[in-house]
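Residue strings, one per chain:
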Amino acid sequence: MEIIKQGSDNVFEAGPLNCCFPAGTLSLRYQ
Amino acid sequence: MKPSRFNIWLKDYPGKDDYVVFNSRTQALVKINPGLKDTLDKLEGLNPEELSLFSQGCISALKQNGIVVEDDREEEARLQDFFRQLKYDSSGLPFEATILTTYSCNFRCVYCFEESVKDDVFLSKDTGDLIVKWLIRRAEERGFKRVYLVYYGGEPLLNVRPVYDISWQIKQWAAGKGISFGFGIITNGSLLNPDLVDKLLSVGLEEVRVTIDGRREDHDRKRPFVDGRPSFDLLIENIRKIIDKVPVAVSGNFDKDNFAGIPEFLDYLEELGLLAKLSRVDFAPLTPRLGPKANPGAIELGSCLSFVGKDGLFKEVLELKKELLRRGLKTRTGLAVNACALLMREAAVTIDPRGAIYKCNALVGYPEFSVGNVAQDDFNLKFQEFMDIEAWKSCPRDCAYLPMCQGGCRFFSYLENNNFTEVSCKKEYFDRITPQLIKLEYQKFKDSA
């Protein structure tokens, strides 16, 4: 077993968030 | 104990008999050998104490990552908490606001999603001051540690004075409070120049994002000036002049019409020595938009429905992501949780040139969907109406994509059903694209290790 990416119960720590508009502004900021 | 219902498995990856599992709630990504997979498949009926110490250690690690859960009740409680966090707990994120300095534009893009609301309305000094007061009041009330603004339009640089004025005031306030501040601009790039960038850098400019839709002939067909003149060469020249001063990102829109030319465009940027200097490169498929104001439910851009439909741009989306990653460019793999600002209390807002506040840029210019105005302290009833939407509760509980998808985009629900509340199921699309995105994500982590 190899953990490639750690998961989290905290959604804001878990990984990127996606938002469709404007053109992915949010997702770019939070990655 | 049992495996989570939000696990998405890849078999025979990265090698034969290997497994990779991604959990759509915790976003954990784990490589698993066949023996452990076998144990997981039988886990529900097993007494954990009968497992080897090694297997027990693995199961414990998988439990910490949400791949294994105690039982359905625990998993449901964690799912409820996941949605509660998204709705109410985002104050740890930066306070982000998009400000439209005008609805006017000097381009006539063939797919403009603001086409129906374009107008010669410019953000005034008075409304700009109200925006500053509103942002500061809200940031202080909520205790944000960082404020990030995005200027947008229309074409934001057609009305650049408020960009400077608002940013200067927020920067002064933030410095006095020890709060981090910065801003970005999403522009068509036609009015960029080094002097302007120098001035804006002094008030907090962190990134300029220019939209280019691929190679010259494709871009000029899709994004000409209002009078029909081509814009591609001017944009490249403007980027060249400012790229050593400020991070510049390029993003583009595509459909089947301009998709094939994008690698050639990337080659061209490389030849010019610009590609490696870009802070980020992203391309997104065109999406539907609201129709004329008299009939806002209409879907005008038929071809882009394919993005969420049966066939769509599935192959193209993947090919482009692979191409960008292959070139070592910073880009999104797309594997992420869908954080819909419409449903989040503290999430980003968009403020239009009239001071109207929106929670989704697809809705700007339609006052009936505005959640308030910077002239008032409180949001209106629409804000709570959006907050109360819980489409995900109507999704099948065993859908592995539920935390990522959350019942689909609320804007698409409006386009499809004329209301914001119904499920806009994307399972077919997720079934096709998610395994590929997991592979890209796996490769990205391996490459960076």
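Quick caveat, the model's predicted, so the values are computed rather than measured.

**Let's talk about the overall build of chain B**
Line of reasoning, step 1. Within chain B one finds 14 helices and 15 strands.
Line of reasoning, step 2. By the compact-globule yardstick of 22 Å for 449 residues, chain B fits well, its C-alpha radius of gyration being 23 Å.
Line of reasoning, step 3. Over its C-alpha atoms, taken along the principal directions, chain B stretches across nearly 70 × 50 × 45 Å.
Line of reasoning, step 4. A fraction of 66% describes how many contacts in chain B between residues 6 or more apart in sequence connect residues 24 or more apart.

**What to know about the overall build of chain A**
Line of reasoning, step 1. Within chain A, the regular secondary structure consists of two helices and two strands.
Line of reasoning, step 2. The buried share of chain A, taken over its 31 residues, is 55%.

**Observations concerning the pairing of strand β8 (residues 180–187) of chain B**
Residues and elements named next belong to chain B.
Line of reasoning, step 1. Burial analysis of β8 places six of its eight residues in the buried class, the great majority of the element.
Line of reasoning, step 2. With six bridges joining them, strand β7 (residues 146–152) and β8 adopt parallel strand pairing. Residue Arg146 lies in a different strand from β8, and its bridge partner there is Ser180.
Line of reasoning, step 3. Of the crossover connections in this fold, the one passing from β7 over helix α5 (residues 161–177) to the parallel β8 is right-handed.
Line of reasoning, step 4. When β8 meets strand β9 (residues 205–211), the two strands line up parallel, connected through five bridges. Directly across from Gly184, in β9, lies its bridge partner Glu207.
Line of reasoning, step 5. Between the parallel elements β8 and β9, the chain passes through helix α6 (residues 194–201) in a crossover that is right-handed.

**Description of the domain arrangement of chain B**
Line of reasoning, step 1. Segmenting chain B into domains produces domain 1 (1–70) and domain 2 (91–383).
Line of reasoning, step 2. Using C-alpha coordinates to define each centre, domain 1 of chain B is positioned 41 Å away from domain 2 of chain B.

**Some remarks on the confidence of the model for chain B**
All names here are of chain B.
Line of reasoning, step 1. Summarising the model, chain B shows a mean pLDDT of 89, and 94% of its residues fall at 70 or more.
Line of reasoning, step 2. Residue range residues 293–310 is modelled with pLDDT below 50. Its contacts to residues more than four positions away, or to other chains, number 36 contacts.
Line of reasoning, step 3. Of the two predicted TM-score estimates for the complex, the pTM is 0.88 and the ipTM is 0.81.

**Overview of unusual backbone geometry**
Residues and elements named next belong to chain B.
Line of reasoning, step 1. Cis peptide bonds are those with omega within 30 degrees of zero, and the linkage from Tyr13 to Pro14 qualifies with 5°.
Line of reasoning, step 2. Looking at the secondary structure, you find Pro14 in the loop between β2 (7–11) and β3 (19–23).
Line of reasoning, step 3. For the peptide bond that leads from Gly153 to Gly154, omega is 20°, which places it in the cis range.
Line of reasoning, step 4. Looking at where Gly154 falls in the secondary structure, it is placed in the loop between β7 and α5.
Line of reasoning, step 5. Residues other than glycine seldom take positive phi values, yet Gln27 does so here, at roughly 60°.

**Some words on the packing of helix α10 (residues 314–326) of chain B against helix α14 (residues 427–448) of chain B**
Residues and elements named next belong to chain B.
Line of reasoning, step 1. Packing of α10 against α14 brings their axes to within 10 Å, and their N-to-C directions diverge by 5°. Looking at the two axes, α10 sits roughly parallel to α14. On α14, the residues touching Phe314, Val317, Leu318, Lys321, Lys322 and Leu325 of α10 are Arg432, Ile433, Gln436, Leu440 and Lys444.
Line of reasoning, step 2. Split by residue class, the contact of α10 with α14 holds six nonpolar, one polar and four charged.

**Focus: the nonpolar core**
Residue and element names in this part refer to chain B.
Line of reasoning, step 1. By size, the foremost hydrophobic cluster in this structure holds 111 residues, and its most contacted members are Val147 and Tyr358.
Line of reasoning, step 2. Split by domain, the residues of this core number at least three in each of domain 1 (1–70) and domain 2 (91–383).
Line of reasoning, step 3. Excluding residues within four positions of it along the chain, Val147 makes contact with Pro94, Phe95, Leu135, Ala139, Ile170, Ala174, Ile179 and Phe181.

**Digging into the sheet that holds strand β1 (residues 2–5) of chain A**
Line of reasoning, step 1. If you walk across this open sheet you meet the four strands as β1(A)-β4(B)-β3(B)-β2(B), and the pairing is antiparallel. Taken across any chain shown, the strands that pair with only one partner, and hence form the sheet edges, are β1 of chain A together with β2 of chain B. Ignoring strand direction, the axes of neighbouring strands in this sheet form an average angle of 25°.
Line of reasoning, step 2. As paired elements, β3(B) and strand β4 (residues 29–32) of chain B share four bridges and run antiparallel to each other.

**Some thoughts on the sheet that holds strand β11 (residues 280–285) of chain B**
Line of reasoning, step 1. With mixed pairing, nine strands are arranged side by side in an open sheet as β11-β10-β9-β8-β7-β6-β13-β14-β15 (chain B). Each edge of the sheet is formed by a strand with only one pairing partner; in this case those strands are β11 and β15 (372–373) of chain B.

**Some points on the environment of B:Phe54**
Residue and element names in this part refer to chain B.
Line of reasoning, step 1. For Phe54, the location among the structural elements is in helix α2 (residues 53–64).
Line of reasoning, step 2. C-beta crowding within 10 Å serves as the criterion here: with 11 such atoms nearby, Phe54 is assigned to the exposed category.
Line of reasoning, step 3. For the pair Phe54 and Gly154, spaced 100 residues apart in sequence, the C-alpha separation works out to 59 Å.

**Considering helix α4 (residues 125–142) of chain B**
All names here are of chain B.
Line of reasoning, step 1. Taking 1.5 Å per residue, 18 residues should reach 26 Å; α4 reaches 26 Å between its end C-alpha atoms and fits that length.
Line of reasoning, step 2. Taken together, the buried positions of α4 are occupied by Thr127, Gly128, Ile131, Val132, Trp134, Leu135 and Ala139.
Line of reasoning, step 3. Against β6 (95–100), β7, α5 and β13 (349–351) lie the buried residues of α4.
Line of reasoning, step 4. At the exit of α4 stands Gly143, carrying a positive phi of roughly 70°.

**As for the packing of α4(B) against α5(B)**
All names here are of chain B.
Line of reasoning, step 1. Where α4 meets α5, the axes come as close as 10 Å, and the angle between the chain directions of the two elements is 30°. Considering the angle they form, α4 stands roughly parallel to α5. Relative to α5, the crossing made by α4 is right-handed. Judged by residue contacts, Gly128, Ile131, Val132, Leu135 and Ile136 of α4 engage Pro162, Asp165, Ile166, Gln169, Ile170 and Trp173 from α5.
Line of reasoning, step 2. Partitioning the contact of α4 with α5 into residue classes produces eight nonpolar, two polar and one charged.

The rules behind each value
Residues numbered from 1 in each chain as written. Chains lettered and ligands numbered in written order. Predicted model: local features only at pLDDT ≥ 70, side-chain atom pairs only at ≥ 80, totals over all residues. Helix = DSSP H or I, 4+ residues; strand = E, 2+ residues; numbered from the N terminus. Rg over C-alpha atoms; globule rule 2.2 N^0.38 Å. Contact = placed C-beta atoms within 7 Å. Buried ≥ 20, exposed ≤ 12 C-beta atoms within 10 Å, placed from the backbone. Pairing = 2+ DSSP bridges. Right-handed = clockwise from strand over helix to strand, strands pointing away. Domains from an automatic or database assignment. pLDDT = per-residue confidence, 0-100. Axes fitted to C-alpha atoms, helices over the stretch in contact; angles between N-to-C directions. Parallel < 35°, antiparallel > 145°, perpendicular 65-115°, else oblique. Nonpolar A, V, L, I, M, F, W, Y, C, P; charged D, E, K, R; others polar. Core = buried A, V, L, I, M, F, W, Y, C linked by C-beta atoms within 7 Å. Expected span 1.5 Å × (residues − 1). Left-handed = near helix turned anticlockwise from the far one by under 90°.

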